[in-house]
Amino acid sequence: QYSLILNQLLKTIHLNMLSRSILFLLFLFLGSAAIQGQQTSVYTDAQKAFKQGLQFYENGLLAKAKREFQKTTDLLLPVNEAEAGMLRTQAQLYQAKCAVQLELKDGEATTLNFIRSMRPDPEYQQALVDMGDFYFNNRRYEEALDYYAEIPASGLPRDQMAQVRFRQGYAHFAKKEYTAAKSY
């Protein structure tokens, strides 16, 4: 009779542990699904903010664009996925471009920080081109040349590199550095 009671007790304990294990796995699954859903929602909101920022940027509404790019960056801080990282990088690049074009005090510093943090990523090369172009378009040729000089020779598509080299030559010509201008 003791063995019958002992067997019954062991079966009850086994069922109790099995049901606890199942409940634990169920909660674990539901919790991870909720976290994944939250990250997806954050990523979608960040994509919307980025697209809105691009629209503002293309329409010349740079202050609004900068805010949307900042919002994108802020939304993506807790997300550690490759796609989120690329979107965050793009948002940071556009945020820096807006700051420079708005001629904010921290515009150049923001861009320089981006360039330093992204080197050797291709995005840093685009930031160098953007800074050089900004100064070139404002006839600040010395600053433009400084940024253009930082661009690796093989880092850009051929047509974009041709434009940079033309601008380097033109900047030297405008500064009456004719010998240097001929080399471009």
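Cut-offs used in this document
- Residues numbered from 1 in each chain as written.
- Predicted model: local features only at pLDDT ≥ 70, side-chain atom pairs only at ≥ 80, totals over all residues.
- Heavy atoms only, no water.
- Helix = DSSP H or I, 4+ residues; strand = E, 2+ residues; numbered from the N terminus.
- Buried < 20%, exposed > 50% of the residue type's maximum accessible area, 1.4 Å probe, protein only.
- Contact = heavy atoms within 4.5 Å.
- Areas by Shrake-Rupley, 256 points an atom, 1.4 Å probe, with all protein chains shown as cover.
- Expected span 1.5 Å × (residues − 1).
- pLDDT = per-residue confidence, 0-100.
- Salt bridge = Lys/Arg side-chain N within 4 Å of Asp/Glu carboxyl O.
- Axes fitted to C-alpha atoms, helices over the stretch in contact; angles between N-to-C directions.
- Parallel < 35°, antiparallel > 145°, perpendicular 65-115°, else oblique.
- Left-handed = near helix turned anticlockwise from the far one by under 90°.

### Digging into the overall build of the protein chain
Inference 1: Across its full length, the protein chain carries eight helices and zero strands.
Inference 2: Ordered by position from the N terminus, the helices and strands of the protein chain form the series α-α-α-α-α-α-α-α.
Inference 3: Going through the 184 residues of the protein chain one by one, you find that 34% of them count as buried.
Inference 4: Taking all contacts inside the protein chain whose residues are at least 6 apart in sequence as the whole, residues at least 24 apart take part in 49%.
Inference 5: In the form shown here, the protein chain has an accessible surface area of approximately 12,300 Å², with 58% of it arising from carbon and sulfur atoms.

### Some remarks on helix H5 (residues 122–137)
Inference 1: Between its first and last C-alpha, H5 extends 23 Å over 16 residues, near the 22 Å set by a 1.5 Å rise per residue.
Inference 2: For H5, the tally of buried residues reaches 12 of 16 residues, placing the bulk of the element in the interior.
Inference 3: Of the residues one or two after H5, Arg139 is the one with positive phi, at around 60 degrees.

### Thoughts on the confidence of the model for the protein chain
Inference 1: Taken residue by residue, the protein chain gives an average pLDDT of 79. The fraction at 70 or more is 74%.
Inference 2: Contacts of residues 33–39 to residues separated by more than four positions or lying in other chains number two contacts, the stretch itself having pLDDT below 50.

### What to know about the environment of Leu75
Inference 1: Here Leu75 shows up in helix H2 (residues 62–76).
Inference 2: Taking the relative accessible area as the measure of exposure, Leu75 reaches 24% and is therefore partly exposed.
Inference 3: Between the C-alpha atom of Leu75 and that of Ala49, which follows or precedes it by 26 residues, the distance is 9.1 Å.

### Description of helix H7 (residues 158–174)
Inference 1: With 17 residues, H7 ought to run about 24 Å at 1.5 Å a step, and its terminal C-alpha atoms sit 24 Å apart, in line with that.
Inference 2: When H7 is considered as a whole, its buried residues turn out to be Gln160, Met161, Val164, Arg167, Gln168, Gly169, Ala171 and His172.
Inference 3: As for H7, its buried residues are in contact with H5, helix H6 (141–149) and helix H8 (178–182).

### Overview of the pattern of salt bridges
Inference 1: All chains considered together, the criterion is met by five salt bridges.
Inference 2: Residues Asp133 and Arg167 are paired through a salt bridge, measuring 3.1 Å at the closest nitrogen-oxygen approach. Taken as a pair, Asp133 in helix H5 and Arg167 in helix H7 lie far apart in primary sequence, 34 residues in all. Grouping residues by exposure puts Asp133 and Arg167 together as buried.
Inference 3: Here Lys175 makes a salt bridge to Glu142, at a shortest N to O gap of 2.0 Å.

### So, the packing of H5 against H6
When two helices pack together, their arrangement is given by the angle between their axes and by how far apart the axes lie.
Inference 1: Closest axis-to-axis distance for the H5/H6 pair is 7 Å, and the angle between their directions is 165 degrees. The orientation of H5 relative to H6 falls into the category roughly antiparallel. Considering how the two elements wind past one another, H5 and H6 form a crossing that is left-handed. Along its contact with H5, which presents Leu128, Val129, Met131, Gly132, Asp133, Tyr135 and Phe136, the element H6 presents Tyr141, Glu143, Ala144, Tyr147 and Tyr148.

### Side note on the side chain of Thr111
Inference 1: By secondary structure assignment, the location of Thr111 is in helix H4 (residues 107–118).
Inference 2: You can call Thr111 buried: its relative accessible area is 3%.
Inference 3: Residues contacting Thr111, with those up to four places away along its chain left out, are Ala96, Val100, Ala127 and Met131.

### A short note on the packing of helix H3 (residues 82–101) against H4
Inference 1: Between H3 and H4, whose axes approach to 7 Å, the crossing angle comes to 150 degrees. One way to sum up the angle between H3 and H4 is to call them roughly antiparallel. H4 is crossed by H3, and the crossing has left-handed handedness. Residue-level inspection shows Thr89, Gln92, Leu93, Ala96, Ala99 and Val100 of H3 in contact with H4, the latter providing Gly107, Glu108, Thr110, Thr111, Phe114 and Met118.

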